[in-house]
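This is what each chain is made of:
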Amino acid sequence: MDERFARHGVRLLLKRDDQIHPELIGNKWRKLAPNLRAAAGRTLLTFGGAYSNHLRATAAAGRLLGLDTVGVVRGQELADRPLNLSLARCAADGMRLHFVDRSTYRRAAEPQVLAGVLRAADAEDAYVVPEGGSNSLAVRGCQALGEELRGRADLVAVACGTGGTLAGLAAGLGPEQRALGVAVLKGGFLAAETAALQTLAFGGRRGTWSVDTRFHFGGYARTSDELEAFARDFESRHTLPVERLYVAKLLYALVALTEEGAFPGGTTLAAVITGTPFPPA
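Residues numbered from 1 in each chain as written. Predicted model: local features only at pLDDT ≥ 70, side-chain atom pairs only at ≥ 80, totals over all residues. Heavy atoms only, no water.

A short note on the pairing of strand S8 (residues 209-212)
Argument step 1. Pairing of strand S7 (residues 178-183) with S8 involves four bridges; the strand directions are parallel. Along S8, the bridge assignment pairs Gly181 with Val211.
Argument step 2. Handedness of the β-α-β unit built from S7, helix H9 (residues 190-202) and S8 comes out right-handed. (Pairing = 2+ DSSP bridges. Helix = DSSP H or I, 4+ residues; strand = E, 2+ residues; numbered from the N terminus. Right-handed = clockwise from strand over helix to strand, strands pointing away.)

Focus on the sheet that holds strand S4 (residues 96-100)
Argument step 1. In spatial order, the strands read S4-S3-S2-S5; together these four strands make up an open sheet with parallel pairing. Pairing within the sheet leaves two strands with one partner each, and these edge strands are S4 and strand S5 (127-129). Neighbouring strand axes in the sheet, compared pairwise and without regard to direction, differ in orientation by 25 degrees on average.
Argument step 2. Judged from the five bridges that link them, strand S3 (residues 69-74) and S4 form a sheet pairing that is parallel. Looking at the pairing, Gly71 lines up with Leu97 of S4. (Axes fitted to C-alpha atoms, helices over the stretch in contact; angles between N-to-C directions.)

What to know about the layout of surface pockets
Argument step 1. Within this model, the second largest pocket holds a volume of roughly 790 Å³.
Argument step 2. Elements with a contribution of two residues or more to the lining of the second largest pocket: helix H2 (26-39), helix H3 (53-65) and helix H4 (85-92).
Argument step 3. Here the lining of the second largest pocket gets four residues from one element, more than from any other, and that element is H3.
Argument step 4. Broken down by class, the residue content of the lining of the second largest pocket amounts to 16 nonpolar, seven polar and eight charged. (1 Å grid on protein atoms, 1.4 Å probe; cavity = no way out; pocket = protein on both sides within 12 Å on 5 of 7 lines; lining within 4 Å. Points joined across faces, edges and corners; volume = space filled by probe spheres on them. Nonpolar A, V, L, I, M, F, W, Y, C, P; charged D, E, K, R; others polar.)

A closer look at the environment of Thr162
Argument step 1. By the secondary structure assignment, Thr162 is in the loop between strand S6 (155-160) and helix H8 (164-172).
Argument step 2. Sequence separation between Thr162 and Ala183 is 21 residues; the distance between their C-alpha atoms is 8.7 Å.
Argument step 3. Ignoring anything within four residues of it in the chain, the contact list for Thr162 reads Lys31, Glu131, Gly132, Ser134, Leu190, Glu193 and Leu197.
Argument step 4. Within the local environment of Thr162, its side chain forms a polar contact with the side chain of Ser134, the two groups lying 2.6 Å apart. (Contact = heavy atoms within 4.5 Å. Polar contact = N/O pair within 3.5 Å; in protein donor to acceptor, adjacent residues only side chain to side chain.)

Concerning empty space enclosed by the protein
Remark: the empty space left among the atoms is shown by a probe the size of a water molecule rolled over them.
Argument step 1. In total, this model carries one cavity of 30 Å³ or more according to the counting rule given.
Argument step 2. Size it by volume and the largest cavity reaches roughly 40 Å³.
Argument step 3. Taken together, Cys160, Gly161, Ala183, Val184, Leu185, Lys186, Gly188, Phe189, Leu190 and Thr213 make up the lining of the largest cavity.
Argument step 4. A per-class count over the lining of the largest cavity returns six nonpolar, three polar and one charged.

Here we look at the nonpolar core
Argument step 1. Within the largest apolar cluster, 32 residues are counted, with the highest numbers of intra-cluster contacts made by Val242, Leu251 and Leu254.
Argument step 2. Among the elements of the structure, S6, S7, helix H10 (225-238), helix H11 (247-259) and strand S9 (268-272) are those that each provide at least two residues to this core.
Argument step 3. In this structure, Val242 is in contact with Ala231, Phe234, Glu235, Val247, Ala248, Leu251 and Pro277, ignoring residues within four places of it in sequence.
Argument step 4. Counting residues in each nonpolar core, the second largest holds 16 residues, with Leu169, Ala179, Ala270 and Val272 among its members. (Core = buried A, V, L, I, M, F, W, Y, C linked by side-chain atoms within 4.5 Å. Buried < 20%, exposed > 50% of the residue type's maximum accessible area, 1.4 Å probe, protein only.)

Below, the structure written as structure tokens:
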């Protein structure tokens with residue numbers, strides 16, 4: 001129990017999706033699994049930033065399943081620098097890293113730009129998965145997350161980067177439940193992206209869901225002393241290792257929203273724990 005919720009008559013449950021697999025954890029596995037089946041043994045090429053959890057998960061899947069993987073990394077300037085711990089893990093798992101400038105990266109969904117990236121990466125026959133792993137297959141893969149939580153909470157919250165997990169989660173919940181996405185990036189694009197992904201996957205909007213954009217702490221891979229102190233406190237209260245880029249922001253948001261009176265007394269919340277700290281403590 002956590003008195004920050006209990007004193008408002010709110011109950012918090014933790015959905016430990018981080019325990020699905022020691023390396024292919026949480027929503028990353030739920031998104032990757034249907035895409036791996038669709039790839040049918042072809043090289044898997046995907047996109048991410050220098051600290052991308054999705055790139056690490058894809059590289060680990062490639063190693064475990066014996067598949068070739070290519071990671072297109074945002075930031076050509078990184079090519080001449082030592083790899084950070086996240087990219088080094090990708091490389092150690094056999095992922096071939098291909099760095100592109102930020103303008104090209106932003107336009108990679110355009111067919112001509114994507115074709116150029118594939119040629120430059122010597123991966124023209126690869127199966128392509130978008131940034132964050134979010135496509136229609138991934139959304140349908142995440143629908144099972146909502147189905148597993150039917151009847152267990154009034155509101156289910158998840159930290160969001162690209163919207164794929166939220167899109168599937170909301171579709172899988174029961175009609176009396178709501179989903180909340182806590183954006184970890186700046187920009188205010190997440191609601192539109194989530195709606196677009198649901199349209200691709202299901203033909204239209206599904207479930208009751210919303211996005212809160214106030215708790216990104218400066219953007220992806222950004223934290224603050226306040227967030228770090230919060231995460232350490234939560235760890236000491238509940239003996240739960242708190243991943244900083246997604247999970248800490250989610251839990252902070254739920255505490256703040258509870259303090260604001262966003263949830264009436266008697267509400268049961270479920271927070272989806274999508275990952276563990278990297279590198280491990």
